[in-house]
Each structure stands twice: as C-alpha cells, then as structure tokens.
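Structural overview
Residues per chain are reported as follows:
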Amino acid sequence: MKKLILPLFLISGLSFGQSNLRPAIDQKATEIESKVIEWRRDIHQNPELGNQEFRTAKKIADHLRSLGIEVTEKVAVTGVVGYLKGGKPGPTVALRADMDALPVTERVDLPFKSTVTTTYNGQETGVMHACGHDSHVAILMGVAEILASMKDELEGDVKFIFQPAEEAINEPGVTTWGAKQMVEEGVMEDVDAIFGLHISAQTEVGTIGYRPGPAQAAVDNLEIIVHGTQAHGASPWSGVDPIVTASQIVTGLQTILSRSVNITQNPAVVTIGAIHGGIRQNIIPEKVEMIGTIRTFGDEQQALVHKRITEIATNIAESAGARAEVNIQKLYPSTVNDPELTAKMVPTLEAAAGKDHIRVNPPVTGAEDFSFYQREKPGLFIGLGGMKKGGDPTKTPSHHTPDFYLDESGFILGLRVMSYFVVDYIGMK
Ligand SMILES: [Zn+2]
Ligand SMILES: [Zn+2]
C-alpha cells in the first residue's frame, strides 16, 4: 500500500527530493504577484546607474531583513547579499539579480515613468530601466519572500545576490563589472550552483528560453597598429605604405570566420570598427591604427580566433615590410551554461512553464557579466518572456531603447522558476 501513496515525482523518476514544495511555491507566488509588480514600478520610477544603486539597495536590504534573512550590504560597492539558512543542512544555491539602469530617456507613457535625469559623460540624459533590471530585482525580492516562508523545510541554504553595475563598464566611477567584483569579494566561495534570469522584451510572456553550453559571447577589444615608413604619396616605392597593409589585414581577418572557425558549432564575430591613418592626399603616413570588437563562444574558440588575428595581422604586415602590433583586451568571458546542470534542470523549466513554452535560444553575440559567476561554479542563466501575448518581436522596441516596455504579467513565471531552481537543486544533491 505504501507504494501507492508515493508522490508522483518519485514514481516518475524525477528524483527531485524537494519538488513537493512546488505547489506551496505556486500559491505564494500568486499571493505576492501584485506586490512584486508594485516593487518593480517603484524601482522603475527611481532608476539608478551602475554603482549608484543606493536607494534600490536599501529597499532590498530592508525587505530581506524583514524576512529574517541575514544581510550584507556594500558588497562590490552597492551590492546586497542575503543568506537564508534552510531548516536542514545541504548545498547552497545562489540566485542573482542585477540592479543597474541605463542613461536612456524614457519615452513610454506610464504612470510610473522615469523622470530622473543625470549628466553622463558631459551630456544631459534621462535615466531608465531600459534593460529590465528593475524586474530582476523585484522578482528576486519576491523569490526571497517565497523561500523564506518555507525555510524550515529547505534542505539547504539560499544566497540572494543583488549585483550592481552589470551594464556599466564605461560609466564614470565604474572600473569593473559588478559580477567580477562580487566574485573577487568572495560571494561564490560557499556556493554550489548559481541561477539567474534576464527578462526579454522580445519573448512572449510565459516562455522560457535557454541554451546549454556557450550561450552568450565573450567580448574582447581589438587594437592593431600597423607601422610602415612614411613617404611622399607620389613615390610610394620609397616607403612602406601602412594604409595598403591595413586594408589587406582587414580583408584577411574576414577569413578567420569563413576558413578557421568551425561554424557548425558556434558563430564568432570579428569587426573592425574604426581605422585611423594619414593626414593628407599626398603623404603616405607612418602608421595606421585600427580598433574593433571580437565576439566568441567558449574558451577554445576564443583562443583560436585570437591566435588567427595575431598571425594574419603580423604576417601580412611582414610580407609588406611593415610591422603590426596586435593588442587584445579581454572584457567579458562567454556566458556558458554548465551542460550537466542545464540538462538536470530542463525538467524544472518544463514544470514551471510547461513543455510547449520552453525553447532553446540561438547563441547571442551580446554579453552578460553573469559569466563571471559561471567561471567559479556551475551556473544556468535563462531568458524570461516579457512581451505581451501575441506581440510581434520584430516590432517590439528592443532593450536599451527609450520605448522599451515590459508586460508585467510575465513576472510570476520568474518567481516560480527561480524558486523551483532552489528546491529542485537542493533536493537533487
Ligand atoms: Zn542591458
Ligand atoms: Zn540586462
């Protein structure tokens, strides 16, 4: 008889020890949904740029403390870390939300529209949550409330990471990525796995997107300086022309993607965005400087592309009697979803959104600093739908634009899936 009363998840082989908490999560998520939307609107109306998220951080810290969660403030400048101890010992699962807004002037006509302005690089601009990080904060505050309500039953601990400055590497007062600094300050040391989400204004509400392995690109800056020998434009044979050499290098770089990269596995991008050389029609200059961006997926491909850029630039220059100096500055690593963890958590995604509402995303050539956490411990970063049902993604304003808009009815799935991640993972280990 005993066998008959075993919960379905055990019989079906989905041995998620704590997935029996899912119904309680669903109920609590429904209860707090409107509160989460209120939080989001308040944060939306009061956006703060990277490393200046003082008001946002205080709101988070106050809320976590009210739930009995241990709080550390000023982590990585303005970050907030909450630690929820479960009733029983077990692994520590980290959940992350980024908090920063962007120098964008909001054009959406909303009652909670941002009217905040600032001076940015000497220019007057509005400040707006034009990437949806306001929703990430509100959702994670909600997840904290859900999980705190069942803490006695949790067979493990939860770390809530509210991180500043995801976008902000070029902003005044920001010298590094929020995630990188969080890692340097030790937030990942006691963590077994980390989960995060990004809302998507181009994905229908109710949908979750994910990609195992490299999902978002590594971003590196490229600089190539071609040194030639200056000459009169009328007698090029008396010098070494760095402009012709630089042109050959630009063309040569295109062969990396067509001839060296295995394009059946992952895409890559090498873009030269600026070329500077010369001053007058009849003077062959001494040097040409080029700058560009490199986007790759995974360490191996990144190393290959860097190697080929250096070989092509150096050898083309040498063949012309010139010299190329190649400088590559690594910025973001690739956002790599641990394949094993991702495979384990697919049933969780399906349970949260329904099998028909899960999709495998194509690789994205943009970057996300969640990658820094994933270099420390296995991590999974998913996309959450925030576009109204039936919307046309090609006609919906994209992230980082003044018309960026989110359908808040998508948040509840975020509450549920992030909470499911915790109870499913800690039950699994
Ligand atoms: Zn963004
Ligand atoms: Zn973002």
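Here the structure is a predicted model, which means the values were calculated and not measured.

1. Considerations on the nonpolar core
Counting 75 residues, the largest nonpolar core has Leu95, Leu147, Phe160, Phe162 and Phe195 as its most contacted members. Of all the elements, helix α10 (residues 411-428) adds the most residues to this core, at twelve residues. Leave out the neighbours within four places in its chain, and Phe160 touches Ile69, Val80, Val81, Gly82, Leu84, Leu95, Leu140, Val143, Ala144 and Leu147. In terms of nonpolar packing, the next biggest core, distinct from the first, is built from 22 residues, Ile224, Ile256, Met290 and Val326 among them.

2. Some points on the environment of Asp109
With respect to the helices and strands, Asp109 occurs in the loop between β3 (92-98) and β4 (117-120). For Asp109, a relative accessible area of 74% puts it in the exposed group. In this structure the C-alpha to C-alpha distance between Asp109 and Val422, which are 313 residues apart in sequence, comes to 37 Å.

3. Things to note about the packing of helix α8 (residues 339-353) against α10
Packing of α8 against α10 brings their axes to within 9 Å, and their N-to-C directions diverge by 135°. Considering their axes alone, α8 and α10 lie oblique with respect to each other. Judged by the twist between their axes, the crossing of α8 over α10 is right-handed. Where α8 approaches α10, its residues Leu341, Lys344, Met345, Thr348, Leu349, Ala351, Ala352 and Ala353 are matched on the opposing element by Leu413, Arg416, Val417, Tyr420, Phe421, Asp424, Tyr425 and Met428.

4. Observations regarding the pairing of strand β10 (residues 218-227)
The element β10 is largely enclosed, with a buried count of seven among its ten residues. Sheet topology note: the β10/strand β15 (residues 323-332) ladder contains nine bridges and is antiparallel. By the bridge assignment for β15, Val226 is matched with Ala324.

5. Things to note about the layout of surface pockets
By volume, the largest pocket is sized at about 1,000 Å³. What lines the largest pocket is a set of 43 residues, among which Gln216, Val364, Gly366, Ala367 and Glu368 lie closest to the centre. If you list the elements that add at least two residues to the lining of the largest pocket, you get β7 (193-204), β8 (208-210), β9 (213-216), β10, β14 (287-296), β15, β16 (335-337) and β18 (379-387). The class makeup of the residues in the lining of the largest pocket is 17 nonpolar, 19 polar and seven charged. By volume, the second largest pocket amounts to about 190 Å³. As for the second largest pocket, its lining consists of Val261, Asn262, Gln265, Asn266, Phe297, Gly298, Glu300, Gln301 and Leu304. Taken together, the residues of the lining of the second largest pocket break down into three nonpolar, five polar and one charged.

6. Comments concerning helix α4 (residues 133-148)
Every α-helical turn comprises 3.6 residues, leaving residues that sit three or four positions apart pointing alike. Spanning 16 residues, α4 covers 22 Å between terminal C-alpha atoms, matching the ideal 22 Å at 1.5 Å per step. Burial analysis of α4 places 16 of its 16 residues in the buried class, the great majority of the element.

7. Some thoughts on unusual backbone geometry
The backbone of Asn51 shows a phi angle near 65°, a positive value even though the residue is not glycine. Positionally, Asn51 belongs in the loop between α2 (22-45) and α3 (54-66). In this structure, Ala76 is a non-glycine residue whose phi angle is positive, near 50°. Within the fold, Ala76 resides in the loop between β1 (70-75) and β2 (79-84). Judged by relative accessible area, Ala76 falls into the buried class, the value being 1%.

8. Observations concerning the coordination of the zinc ion (ligand 2)
Only Cys131 (SG), His133 (NE2) and His198 (NE2) from the protein reach the zinc ion (ligand 2) as donors, at distances of 2.1 to 2.5 Å. One chain supplies every donor to the zinc ion (ligand 2), and in sequence these donors are spaced C-x1-H-x64-H. A distance of 3.0 Å spans the gap from the zinc ion (ligand 2) to the zinc ion (ligand 1), which Cys131 bridges by coordinating each metal. According to the relative accessible area criterion, Cys131 is buried, its value standing at 8%.

9. Focus on the coordination of the zinc ion (ligand 1)
Protein coordination of the zinc ion (ligand 1) is provided by Cys131 (SG), Glu167 (OE) and His400 (NE2), with donor distances spanning 2.0 to 2.3 Å. In primary sequence terms, the donor set of the zinc ion (ligand 1) follows C-x35-E-x232-H.

10. A closer look at the sheet that holds β2
Pairing is mixed across the open sheet formed by eight strands, whose spatial order is β1-β2-β6-β3-β7-β18-β8-β17. A strand with exactly one partner marks an edge of an open sheet, and here the two such strands are β1 and β17 (358-360). Averaged over all pairs of adjacent strands, the angle between strand axes in this sheet comes to 25°, irrespective of strand direction. Taken strand by strand, α4 contacts β2, β3, β6 (157-163), β7 and β18, and its axis lies near 150° from that of β3. Across the sheet, α10 is in contact with β3, β6, β7, β8 and β18; its angle to β7 comes to roughly 155°.

11. A few points about the pattern of salt bridges
Taken as a whole, this structure holds 22 salt bridges when the rule is applied. A salt bridge links Arg41 to Glu408, with the shortest nitrogen-to-oxygen separation between them at 2.7 Å. Residue Arg41 is found in helix α2, and its partner Glu408 is found in the loop between β18 and α10; the two are separated by 367 residues along the sequence. Residue Arg41 is classed as partly exposed on the basis of its relative accessible area of 28%. For Glu408, a relative accessible area of 11% puts it in the buried group. Taken together, the shared-partner salt bridges connect Arg40, Arg41, Asp134 and Glu408 into one network.

The rules we used
- Residues numbered from 1 in each chain as written.
- Chains lettered and ligands numbered in written order.
- Predicted model: local features only at pLDDT ≥ 70, side-chain atom pairs only at ≥ 80, totals over all residues.
- Heavy atoms only, no water.
- Core = buried A, V, L, I, M, F, W, Y, C linked by side-chain atoms within 4.5 Å.
- Buried < 20%, exposed > 50% of the residue type's maximum accessible area, 1.4 Å probe, protein only.
- Helix = DSSP H or I, 4+ residues; strand = E, 2+ residues; numbered from the N terminus.
- Contact = heavy atoms within 4.5 Å.
- Axes fitted to C-alpha atoms, helices over the stretch in contact; angles between N-to-C directions.
- Parallel < 35°, antiparallel > 145°, perpendicular 65-115°, else oblique.
- Left-handed = near helix turned anticlockwise from the far one by under 90°.
- Pairing = 2+ DSSP bridges.
- 1 Å grid on protein atoms, 1.4 Å probe; cavity = no way out; pocket = protein on both sides within 12 Å on 5 of 7 lines; lining within 4 Å.
- Points joined across faces, edges and corners; volume = space filled by probe spheres on them.
- Nonpolar A, V, L, I, M, F, W, Y, C, P; charged D, E, K, R; others polar.
- Expected span 1.5 Å × (residues − 1).
- Donors = N, O, S within 2.8 Å, 3.2 Å for Na, K, Ca; no water.
- Salt bridge = Lys/Arg side-chain N within 4 Å of Asp/Glu carboxyl O.

Taken by themselves, the reported measurements are silent on function.
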